[in-house]
Structures are given as structure tokens and as C-alpha cells.
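# Analysis of the macromolecular model
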Amino acid sequence: LARQQQEKLQFTARLVTMGEMASTLAHEINQPLSAISSYTTGCINRLDAGDLSRDELRETLNKLATQAQRAGRVIRRVYDFVRRSEPQRTPCDIKEIIEDAVGLIEADARKLGVKIALKLPDSLPNIHADRIMVEQVLLNLMRNGMDAMQTTRSDRKQLVVTTSLDDNCILVSVADNGSGIAQQAAAHLFEPFFSTKPEGMGMGLNICRSIIEFHHGRFWVDANPDGGTVFRFTLPME
């Protein structure tokens, strides 16, 4: 019963996250749709005028396909993230999971002036995980890092996601240059309903830790030597 309640809570948290990002995601989808509409209108006008060459038509159709694929990627990521399913641990590429999470949040990052830097080795062993649950952890940590940098100088607004090998695990780190975590808050950071944000539910980090523990990994936080916070977690390899 406790496991079922935890799964429902995780699913609800994913829906809340998507709700918070809805306007940005709508804008991300609207941009390629507007481009498709514009290219199509241009093609029709040129065809009616009788001065559209075969090469120009092919070039425009290629642009249409690129924009359709761009919109499709956003929709696929949202659909995969919010669909309800039983946890399924399968062989996964951590690099692909990170790139999908960044694909969902990069529009918000641009809006807030945050640069996302990825330090991912070209080749790492697969992890044995539920990719949507791991993506949920990453998305939560990246959003927290972006929120923590609201008052950071614009040239220092950088979120760094790093992966490396750690014994028989993959170590993932998400570092920000934000205001850091007060010592008294750090002691309560993973408690349910504790939040350092006025509008926060106080469930995000608790959910993140439960997901990582479900995967038999570790989850902890360190101070960033450059200022800010580094959240780290490990996941067993396949």
C-alpha cells in the first residue's frame, strides 16, 4: 500500500511539473507550428504564381519536415513524462535520459537566462532503471537549481550536469551557482513538506530520494566550491 501511494505521489508530482511548465512548452510547440504554416503559405503562393522551382520546393519541404520533427519531439517528451505506468527497470542510457530532461526544460532555462552545460562521457555503461522516474529526478533537480539562481549574476547563471563512473555505479551531479542551502535548512532538506521556497510543496527532494532508493542508489547534497549547491545521486549499472 505504501509503494502504491508513493507511485501515485510521484505521478502527481510529474503532472504538477508539467502544469508549471505548460506555457513555456506551448510556446515551444507553437514556434515550429507557426513556421510550418508560414512555409506552407509561401509554397502555395509561389505555386499559384507559377515560379516555384523543383529545388526550391524540395528545400522548403525539408524545412517543413524539420519543424514538424521539432514539434513532435516536444510532444513525445511530454507524453512519455506524464503517462501513467508501472515502474519498469530496463537497460537505459543515462546520456539519453539527461538529454530528454534537458529537452523539456531548456526553454524555461532560456527564459530565465540560465545556461545548461552537459559534461557527459561519450560512452558509459547502461544503468538498470525506470527512465521516466530518473528523468523526473533530473528535471526536479534542474528546476531547483534554476530557482536557486534567480538572484545570481547573469554571467554566472549556469547549471552543470555531470556523469562519471563510481565503482559499480553511474554518478550523476547537478550543480548550480545559486545562493546555497543554509545549514539549518540542510538538516531538514529531505523531510516531507519541508521547502525553502514560499510556494513549494516540500515533496520534490523527498520524491527524488525515494526514487533513487527504489533503484538501490544513493542521493545526497554537497556545497558547490564555486558557490551554490551540488545534488548527486548514484544508479547501479546494468
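For the structure, see preceding data.
So, how was this worked out
- Residues numbered from 1 in each chain as written.
- Predicted model: local features only at pLDDT ≥ 70, side-chain atom pairs only at ≥ 80, totals over all residues.
- Heavy atoms only, no water.
- Helix = DSSP H or I, 4+ residues; strand = E, 2+ residues; numbered from the N terminus.
- Expected span 1.5 Å × (residues − 1).
- Buried < 20%, exposed > 50% of the residue type's maximum accessible area, 1.4 Å probe, protein only.
- Polar contact = N/O pair within 3.5 Å; in protein donor to acceptor, adjacent residues only side chain to side chain.
- Bend = angle between axes of the 7 residues up to and from the residue.
- Salt bridge = Lys/Arg side-chain N within 4 Å of Asp/Glu carboxyl O.

### Re unusual backbone geometry
The backbone of Asp-167 sits at a positive phi, close to 55°, despite the residue not being glycine. With respect to the element layout, Asp-167 can be found in the loop between strand E4 (158–166) and strand E5 (169–175). Despite not being glycine, His-216 shows a phi value in the positive range, around 65°. With respect to the element layout, His-216 can be found in the loop between helix H6 (204–214) and strand E6 (219–223).

### Regarding helix H4 (residues 131–148)
When the terminal C-alpha atoms of H4 are compared, their 26 Å separation across 18 residues agrees well with the 26 Å that a helix rising 1.5 Å per residue should span. Of all 18 residues in H4, 14 are buried; the element is thus mostly enclosed. Near the N-terminus of H4, the side chain that reaches the backbone nitrogen of Ile-132, with its oxygen 3.1 Å away, is that of Asp-130.

### Quick look at helix H3 (residues 94–112)
Relative to the 27 Å expected for 19 residues at 1.5 Å per residue, H3 spans 26 Å between its end C-alpha atoms, a close match to the ideal helical length. If you look at H3, its biggest bend is around 50°, right at Ile-105. Between the side-chain oxygen at the start of H3 and the backbone nitrogen of Lys-95 there is a gap of 2.8 Å, and the oxygen is on Asp-93. Of the residues trailing H3, Gly-113 is marked for its positive phi of about 75°.

### A short note on the pattern of salt bridges
Per the stated rule, a full pass over the model turns up 13 salt bridges. Across the pair Arg-76 and Asp-100 runs a salt bridge, and its minimum N-O distance is 3.4 Å. Residue Arg-76 is found in helix H2 (residues 54–82), and its partner Asp-100 is found in helix H3; the two are separated by 24 residues along the sequence. Residue classification places Asp-100 among the buried positions, given a relative accessible area of 11%. A salt bridge links Asp-100 to Arg-131; the nearest nitrogen and oxygen atoms lie 3.3 Å apart. In this pair, Asp-100 sits in helix H3 while Arg-131 sits in helix H4, placing the two residues 31 residues apart along the sequence. On the basis of relative accessible area, Arg-131 is assigned to the partly exposed category, the value being 27%. Through salt bridges with shared partners, a single network forms among Arg-76, Arg-77, Asp-80, Asp-100 and Arg-131.

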